Amino acid sequence: MVHRIIDWSLRNRFIVLILSLGLFVWGVFAVKKNPIDAIPDLSENQVIVFTEWMGRSPQLIEDQITYPLVTNLQGLPQIKYVRGSSMFGMSFIYVIFEDDVDIYWARERVLERLSTVGNTLPDGVTPGLGPDGTGVGHVLWYTLEAPNIDLGEQRAIQDWYVKFALQNVPGVSEIASFGGFQKQYQVTIDPNKLLYYKLSAAQVINAIRANNNESGGRKFEMSDVGYIIKTNGYLQSVKDIERIPIGNQQGNPIYLSDVGVVQMTGEARLGIFDQDGEGERVGGIVVMRYGENAAVVTEGIKEKMKEVAKGLPEGVKFDIIYDRGELIQESVDSIKHTLIEEMAVVSLVVILFLFHWRSALSIIIQIPITIAISFILLNAFDISSNIMSLTGIALAIGVIVDNGIIMSENAYKHLAEEYAMKNKKR
């Protein structure tokens, strides 16, 4: 079979050259299309189910949330196993699927199963899916450099302006905020005053919940004009909360300010983010969507940051503390230089040892064509250009050259013997 292929190639050299040129051009386009990353993504094909029930112990979370979810999620099609993790106020379920399963098909199956287990969970607890990213999806970390703004305002800028703008970049799955204080209204009740007014904490909570609401009325006509009635009951300030009536005593209303103190404060924190020992910072983590090009996503984020920076308060700017794009560029540049140097050295060695330019040329041409074909196969199998794949190509150059040298020497030997036989006959 091999002899026939060689014989056909020698008799149809023009066709072989056209096919090689076509594969080389195709490979050049494949190089531009192939996603680039610094490290290969070897993470498992998983879907994360996150459930929050703040204030509860890990054992209670395990018994009432983690265990029911794990038992109900088992049995999904093409699933390998389910892992559960319980901690204070939070539950994480890791549903691991087979490697050849489409991640979005897997997320749909998990959502379908979650819709049937709501009755087994405590009231007010709703499980949700984690971002459609992988374990190596953190492509960029940034902080806000704002020396004259307090941490609460910085976190508000991050959550209500920066985060929403950066999430619009193609390929971004989530912008996870960290650091600072999340603003909230906090009501501190005096138990002695509750006893004095004969009220309970549940009555205070229900009063606050009932007064933070809007409701619509009906439409009516008057003097040939239509009017729509609605009530505006959303709480918008500390003063609004203080004026909430929670009961009455001898016909006099008892307001929330009579039994407690209302103030704007930050949510209780479990940790802080300190940068370089210079103090606390507020920032975000860019999580890349599954299967996206890390280099393109990071460049898109940095371009978007330039637009977002125009709307930031005076003196506030971005500080990128981790950029996968720089690591990717340095890694790929290093491999590229290695490939070029290896190709140059191999070509020189081939020319010196064979000392026959046509034989050397036939071997040297194989190197770029083979590399181009390898990128076609990388795209076909959804493999990114990373340190591992590019290093494999670099190592394979020696094998390619060895085969070419063996074939050239073998052909040269047979031709020499044939010419020697002809000379003897003469």
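Residues numbered from 1 in each chain as written. Predicted model: local features only at pLDDT ≥ 70, side-chain atom pairs only at ≥ 80, totals over all residues. Heavy atoms only, no water.

Chemist: Explain the packing of aromatic side chains here, please?
Modeler: When we look at a pair of aromatic rings, we describe it by the centre distance and by the angle of the planes. Counting across every chain of the model gives six aromatic pairs. Centre to centre, the rings of Tyr142 and Phe318 are 5.6 Å apart; their planes meet at 80°, and the pair counts as edge-to-face. With a gap of 176 residues between them, Tyr142 in strand β5 (residues 138–145) and Phe318 in strand β14 (residues 317–323) connect regions that are remote in the sequence. Of the two residues, Tyr142 and Phe318, both sit in the buried class. Ring geometry for Phe178 and Phe273: centres 4.5 Å apart, planes at 50°, overall tilted. Here Phe178, found in strand β6 (residues 172–178), pairs with Phe273, found in the loop between β12 (260–266) and β13 (282–288); they are 95 residues apart in sequence, far enough to count as distant. Assigned by exposure class, Phe178 and Phe273 land together as buried. Of the aromatic side chains, those joined through ring pairs into one cluster are Trp141, Phe178 and Phe273. Looking at Arg243, its charged tip hangs above the ring of Tyr255, at a distance of 4.1 Å from the centre. (Phe/Tyr/Trp six-rings, centres within 6.5 Å; stacked < 30°, edge-to-face > 60°. Helix = DSSP H or I, 4+ residues; strand = E, 2+ residues; numbered from the N terminus. Buried < 20%, exposed > 50% of the residue type's maximum accessible area, 1.4 Å probe, protein only. Lys NZ or Arg CZ within 6 Å of the ring centre and 35° of its normal.)

Chemist: What is the right way to read the nonpolar core from this model?
Modeler: Among soluble globular proteins, nonpolar side chains are generally buried collectively. Core analysis: the largest hydrophobic core is formed by 26 residues, its most contacted members being Tyr142, Val162, Leu166, Val286, Ile301 and Phe318. No other element matches the six residues that helix α10 (residues 294–309) contributes to this core. Residue contacts for Val162: discarding those within four places in its chain leaves Tyr142, Ile157, Val308, Leu312 and Phe318. (Core = buried A, V, L, I, M, F, W, Y, C linked by side-chain atoms within 4.5 Å. Contact = heavy atoms within 4.5 Å.)

Chemist: So what exactly am I meant to see when it comes to the environment of Met87 here?
Modeler: Note on placement: Met87 falls in strand β2 (residues 79–87). Remark: the alpha-carbon pair of Met87 and Ser9, spanning 78 residues in sequence, is separated by 67 Å. Met87 has contacts with Pro58, Ile61 and Phe92, leaving out every residue within four places of it along the chain.

Chemist: I tried to follow empty space enclosed by the protein on my own but got confused; where do I start?
Modeler: Regions of empty space are outlined by a rolling probe, equal in size to a water molecule, passed over the atoms. In total, this model carries two cavities of 30 Å³ or more according to the counting rule given. Every residue along the wall of the largest cavity is listed here: Gln46, Val47, Ile48, Ile103, Arg107, Pro131, Asp132 and Gly133. Sort the elements by how many residues they give to the lining of the largest cavity and strand β1 (residues 46–52) lands first, with three residues. In terms of residue class, the lining of the largest cavity is built from four nonpolar, two polar and two charged. Volume-wise, the second largest cavity comes out at about 40 Å³. Lining the second largest cavity, in full, are Ser43, Glu44, Asn45, Gln46, Ile103, Gly133, Thr134, Gly135 and Tyr290. Residues that form the lining of the second largest cavity fall into these classes: two nonpolar, six polar and one charged. (1 Å grid on protein atoms, 1.4 Å probe; cavity = no way out; pocket = protein on both sides within 12 Å on 5 of 7 lines; lining within 4 Å. Points joined across faces, edges and corners; volume = space filled by probe spheres on them. Nonpolar A, V, L, I, M, F, W, Y, C, P; charged D, E, K, R; others polar.)

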